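# Fold and contact review
Residues per chain, in single letters:
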Amino acid sequence: MKTEGLSINLATVRQQWKLPEAVEACRRHGITWVDPWRDQVAAVGLDTAVKAIKDNGMRVSGYCRGGMFPAADAAGRQAAIDDNKRALDEAAALGAQCLVLVVGGLPAGSRDIGAARQMVLDGLAAILPHARAVKVPLAIEPLHPMYAGDRACVNTLKQSLDMAGQLGDDVGVAIDVYHVWWDPEVEAQIARAGREKRILGYHICDWLVPTKDLLLDRGMPGDGVVDLPRLRKWIEAAGYTGPTEIEIFSAKDWWTRPGDEVLKTCIERYTDTFK
């Protein structure tokens, strides 16, 4: 089975292990990349997380997550900026290749999605000097439109690339197939992202039919309707050679199984995406 180039987003095994145990389990299975979440790091402390990464010879494909910029007032927006700077410091300590950004939805009481997107752009511009100082690129992750109201008002790869283009170097995109597979422009926008050298992360899972929970029922690759081999070809044609993350939120299925079974299945399904 193929493990080279496979990264495990540690949300995939968040219910089975704390961060040190999850990292050690990945090493046992021959996986050399991980993407931890901030709450997982906070649960054990940054120093312990850094030590676990180092002791197990892991590389960190990304750090989840920054963002959540829109707020109802200036104080809330500044608090988000300050928190993102802290996230960047943590990402730098962990050696993360990027900070993955879930940008945030509409502020409380607002119906103005255009204003929310401007708050996102302003927030990104505010943290970009710090990102450059700590040498952690910013990866804007577009989320499926079902999350536009509460989690991410940036919903297509085109929107993410347009925003990155306004900000300049050291800003790119994290492409998660769960969020972009449906987009009729996705092939062209992946190619564009490659030309602009902005692909900072590539995440895979699957879209189940029916989906029982829009947040917590992601499928393991191969169990749903996404044509993952085709998407991989587009990513490779765009020149991306970085790691591929498997990222699964699965409250009633994969989070209930033994962690070693989950990692073994991830390896099998990752291998299948190359067929």
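Residues numbered from 1 in each chain as written. Predicted model: local features only at pLDDT ≥ 70, side-chain atom pairs only at ≥ 80, totals over all residues. Heavy atoms only, no water.

## Looking at helix 5 (residues 113–134)
- The end-to-end C-alpha separation of helix 5 is 31 Å, in line with the 32 Å expected for 22 residues at 1.5 Å each.
- Its axis deflected by about 35° at Ile127, helix 5 carries its strongest bend there, up to four residues before the proline Pro129.
- Those residues of helix 5 that fall on the buried side of the exposure criterion are Ala116, Met119, Val120, Leu121, Gly123, Leu124, Ile127, Leu128 and Ala131.
- Check the buried side of helix 5 and you find it contacts helix 4 (74–94), strand 5 (99–102), strand 6 (138–140), helix 6 (157–167) and strand 7 (171–176).
- The N-terminus of helix 5 is capped by Asp112, whose side-chain oxygen sits 3.2 Å from the backbone nitrogen of Gly114. (Helix = DSSP H or I, 4+ residues; strand = E, 2+ residues; numbered from the N terminus. Expected span 1.5 Å × (residues − 1). Bend = angle between axes of the 7 residues up to and from the residue. Buried < 20%, exposed > 50% of the residue type's maximum accessible area, 1.4 Å probe, protein only. Contact = heavy atoms within 4.5 Å. Polar contact = N/O pair within 3.5 Å; in protein donor to acceptor, adjacent residues only side chain to side chain.)

## Digging into the environment of Gly5
- Positionally, Gly5 belongs in the segment before strand 1 (6–9).
- Residues within four places of Gly5 in sequence aside, it is in contact with Pro243, Thr244 and Tyr270.

## Side note on the packing of helix 5 against helix 6
- Here helix 5 crosses helix 6 at 50°, and the two axes come no closer than 10 Å. Taken together, the axes of helix 5 and helix 6 are oblique relative to one another. Crossing handedness for the pair helix 5 and helix 6: right-handed. Taken together, the residues of helix 6 that come into contact with helix 5 (itself represented by Arg117, Val120, Leu121, Leu124, Ala125, Leu128 and Arg132) are Gln159, Met163, Gln166 and Leu167. (Axes fitted to C-alpha atoms, helices over the stretch in contact; angles between N-to-C directions. Parallel < 35°, antiparallel > 145°, perpendicular 65-115°, else oblique. Left-handed = near helix turned anticlockwise from the far one by under 90°.)

Bear in mind that shape data such as this cannot, by itself, settle questions of function.
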